[in-house]
Amino acid sequence: MDLDVFVSAHRAEWDRLDALLRRQRRLSGAEADELVTLYQRTATHLSLIQSSAPDPQLIGRLTHLVARARSAVTGTRRASWRDVTHFLARGFPAAVYRSRHWWVPTALLSTVLAAVIGWWIATHPEVQASIAAPSELRELTRPGGEYETYYSSHPATSFAAQVWTNNAQAAAMCLVLGAFLCFPVIWILFQNMLNLGVGIGLMSSADRLDTFLGLVLPHGLLELTAVFVAAGTGLRLGWTVIDPGPRIRRTALAEEGRAALGMAIGLALVLFVSGAIEGFVTPSGLPTWARISIGVAAELAFFAYVYVLGGRAARAGETGDLDGSDRSSEVPLAA
């Protein structure tokens, strides 16, 4: 395609579209129809230029022009409480449900990995010696040691906020970095399982595994589930880059990326709950069975939320993506 000839042939249409968009007064019916037609044609022109004769400056101008025209044609819509309700009741749980084939295996494999690391450390004194000096290990694992006092070392409110921030960052990194062919997600997940495995191994070697699990399970069940969901979604996003299936790679990545962004918001709320449990329940004076029961109840509530509400919404066609009216539309074709 001769770009100069193409620009000369269609510049008048682009200028006319720009002029209509700059009108201060309300457009007449004929002008509104003309704006829609020019929007469709300009969008088609943009697609042709992008595929045949990419020119950064021209593409930038037409992209801005098409975006303005689309806003004028479709109108702008402000988020409302109805959107929040829809997201929490349908969008987020459906997105988690749809990605279950990724995060459930991720959870199972990660749990096995942490258990294997814990067993390896617990049964090999030389590995324990490579982690820290014997005196330091005793300080970590003794009654009233660092593993136990960690959860009560700061005021509950500030500790819960700190935990929530750290976990939300880890989940967000899994979701965002998944697009880089999965490897960063695997590394982040391995680091988390390594830390868990070290705690299991050291406390088990001191015959205090029950104490360790009594401290970890109340908040850890929900917290780790959220991390597994984030990691599984990140892996799914990375696999979309490798194999987008029947969709165009750019379209597939945009769809999965938007769903992942919504999941980041939803998982931040889930991690807020687990952080509150870790800050207020884990270090509390409640019996171990009561603290663990609270953690199990929170975990079961999350699974019911995903598999009941999310499953129902997913079967009804909900994907967790934006509504069609809120997405960047596919390039329209002029009649």
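Calculation notes
Residues numbered from 1 in each chain as written. Predicted model: local features only at pLDDT ≥ 70, side-chain atom pairs only at ≥ 80, totals over all residues. Heavy atoms only, no water. Helix = DSSP H or I, 4+ residues; strand = E, 2+ residues; numbered from the N terminus. Buried < 20%, exposed > 50% of the residue type's maximum accessible area, 1.4 Å probe, protein only. Contact = heavy atoms within 4.5 Å. Areas by Shrake-Rupley, 256 points an atom, 1.4 Å probe, with all protein chains shown as cover. Salt bridge = Lys/Arg side-chain N within 4 Å of Asp/Glu carboxyl O. Core = buried A, V, L, I, M, F, W, Y, C linked by side-chain atoms within 4.5 Å. UniProt positions renumbered as here; feature names shortened; annotations may be inferred. Phe/Tyr/Trp six-rings, centres within 6.5 Å; stacked < 30°, edge-to-face > 60°. Patch = residues over 30% accessible without salt bridge, like charges linked within 9 Å, V, L, I, M, F, W, Y side chains within 5 Å. Expected span 1.5 Å × (residues − 1). Bend = angle between axes of the 7 residues up to and from the residue. pLDDT = per-residue confidence, 0-100. Axes fitted to C-alpha atoms, helices over the stretch in contact; angles between N-to-C directions. Parallel < 35°, antiparallel > 145°, perpendicular 65-115°, else oblique. Nonpolar A, V, L, I, M, F, W, Y, C, P; charged D, E, K, R; others polar.

S.K.: I keep staring at the overall build of the protein chain and nothing clicks. Help me out?
M.R.: Regarding its fold elements, the protein chain presents 13 helices and zero strands. In the protein chain, the order of α-helices and β-strands from amino to carboxyl end is α-α-α-α-α-α-α-α-α-α-α-α-α. Buried residues in the protein chain amount to 40% of all 335 residues. Taking the contacts inside the protein chain whose residues are at least 6 apart along the sequence as the reference set, 77% of them involve residues at least 24 apart. Entry remark: accessible area of the protein chain is about 18300 Å², with carbon and sulfur atoms responsible for 63%.

S.K.: It is not clear to me how the pattern of salt bridges should be interpreted in this structure. Could you clarify?
M.R.: Side-chain pairing between opposite charges can occur once the charged atoms of the two side chains come close. Tallied over the entire structure, the rule returns nine salt bridges. Ionic pairing is found between Arg16 and Glu34, a salt bridge with its closest N-O pair at 2.9 Å. On the criterion of sequence distance, the pair formed by Arg16 in helix α1 (residues 3-21) and Glu34 in helix α2 (residues 29-52) is long-range, its members being 18 residues apart. Owing to a relative accessible area of 29%, Arg16 belongs among the partly exposed residues under this scheme. Across the pair Arg22 and Asp18 runs a salt bridge whose closest N-O atoms are separated by 2.8 Å. Among the residues examined, Arg22 registers a relative accessible area of 53% and is labelled exposed. According to the relative accessible area criterion, Asp18 is buried, its value standing at 18%.

S.K.: Looking at this model, I keep getting lost on the nonpolar core. Mind explaining?
M.R.: The nonpolar side chains of a soluble globular protein tend to be buried, and buried together. Val96 and Leu267 are the most contacted members of the largest nonpolar core, which has 37 residues in total. A per-element tally of this core places helix α11 (residues 209-242) first, with eight residues. Judged by nonpolar contacts, the second largest core, of 18 residues, contains Ile49, Leu58, Val66 and Ala69.

S.K.: What am I meant to see in the side chain of Gln128 here?
M.R.: Within the secondary structure layout, Gln128 lies in helix α6 (residues 125-131). What Gln128 contacts, discounting residues up to four positions off in sequence, is Ile121, Ala122, Leu137, Leu202 and Ser205.

S.K.: Any chance you could explain the UniProt feature "transmembrane region" (unreviewed entry) in the protein chain here in plain terms?
M.R.: The sites that carry the UniProt feature "transmembrane region" (unreviewed entry) are, in the present numbering, residues 102-122, 170-190, 259-277 and 289-308. Along residues 102-122 the backbone is 100% helical and 0% strand, and the end-to-end C-alpha distance reaches 30 Å. Span residues 259-277 is 100% helix and 0% strand, its end C-alpha atoms 27 Å apart.

S.K.: Please explain the packing of aromatic side chains as it appears in this structure.
M.R.: Centre-to-centre distance and the angle between the planes together describe a pair of aromatic rings. Going through the model one piece at a time under the given rule, you end up with nine aromatic pairs. Ring plane angle 45° and centroid distance 6.5 Å describe the contact between Phe6 and Trp14, whose orientation is recorded as tilted. The burial state of Phe6 is the same as that of Trp14; both residues are buried. Joined through ring pairs, the aromatic side chains of Tyr97, Trp103, Phe302, Phe303 and Tyr307 make up one cluster.

S.K.: I tried to follow the environment of Phe212 on my own but got confused; where do I start?
M.R.: On the secondary structure map, Phe212 appears in helix α11. Residues Phe212 and Glu148, 64 residues apart in the sequence, show an inter-C-alpha distance of 7.9 Å. The contacts of Phe212, once residues within four sequence positions are left out, are Tyr147, Leu196, Gly199, Ile200 and Met203.

S.K.: How should I be thinking about a nonpolar patch on the surface in this particular structure?
M.R.: Where nonpolar side chains cluster on the molecular surface, the patch consists of Trp81, Val84, Leu88 and Leu269 and spans about 430 Å² of accessible area. Residue classification places Trp81 among the exposed positions, given a relative accessible area of 71%.

S.K.: Would you explain α11 in this entry?
M.R.: Note on helix geometry: an α-helix contains 3.6 residues per turn, so any two residues three or four positions apart are oriented the same way. Look at α11: only 41 Å from first C-alpha to last across 34 residues, short of the 50 Å you get at 1.5 Å a residue. Gly220 marks the point of greatest bend in α11, at about 55°.

S.K.: Would you explain the side chain of Thr141 in this entry?
M.R.: Within the fold, Thr141 resides in helix α7 (residues 134-141). Contact partners of Thr141, with chain neighbours within four places excluded, come to Tyr147, Leu202, Met203, Ala206 and Arg208.

S.K.: Looking at this structure, I do not really get the confidence of the model for the protein chain. What am I missing?
M.R.: The predicted coordinates should not be examined in detail at positions where pLDDT is low. With 90% of its residues at a pLDDT of 70 or more, the protein chain shows a mean pLDDT of 84. Here residues 324-335 is a poorly scored stretch, pLDDT under 50, and it has 23 contacts once near neighbours within four places are set aside; other chains count.

S.K.: Hey, could you run me through the packing of helix α4 (residues 81-98) against helix α13 (residues 288-315) in this one?
M.R.: Helix packing geometry: the angle between the two helix axes and the distance between the axes. In contact at an axis separation of 7 Å, α4 and α13 are set at 95° when each is read in the N-to-C sense. Judged on the interaxial angle alone, α13 and α4 are roughly perpendicular. Residues Leu88, Ala89, Arg90, Phe92, Pro93, Ala94, Val96, Tyr97 and Arg98 of α4 lie in contact with α13, whose contacting residues are Phe302, Tyr305, Val306, Tyr307, Leu309, Gly310, Gly311, Ala313, Ala314 and Arg315. When its residues are assigned to classes, the contact of α4 with α13 shows 14 nonpolar, two polar and three charged.

S.K.: Would you mind showing me how to read unusual backbone geometry here?
M.R.: Most of the time, phi is negative for any residue but glycine, and the peptide bond is trans. A positive phi angle is found at Asp207, which is not glycine, with a value near 60°. Here Asp207 is to be found in the loop between α10 (183-205) and α11. For Asp207, a relative accessible area of 70% corresponds to the exposed category.

S.K.: Got a minute to help me understand helix α5 (residues 100-122) in this structure?
M.R.: Over its 23 residues, α5 runs 32 Å from end to end, which matches the ideal 33 Å to within 8%, given 1.5 Å per residue. Listed in full, the buried residues belonging to α5 are Trp103, Thr106, Ala107, Ser110, Ala114, Ile117, Gly118 and Ile121. Where α5 is buried, its residues contact α4, α6, α10, α11 and α13.

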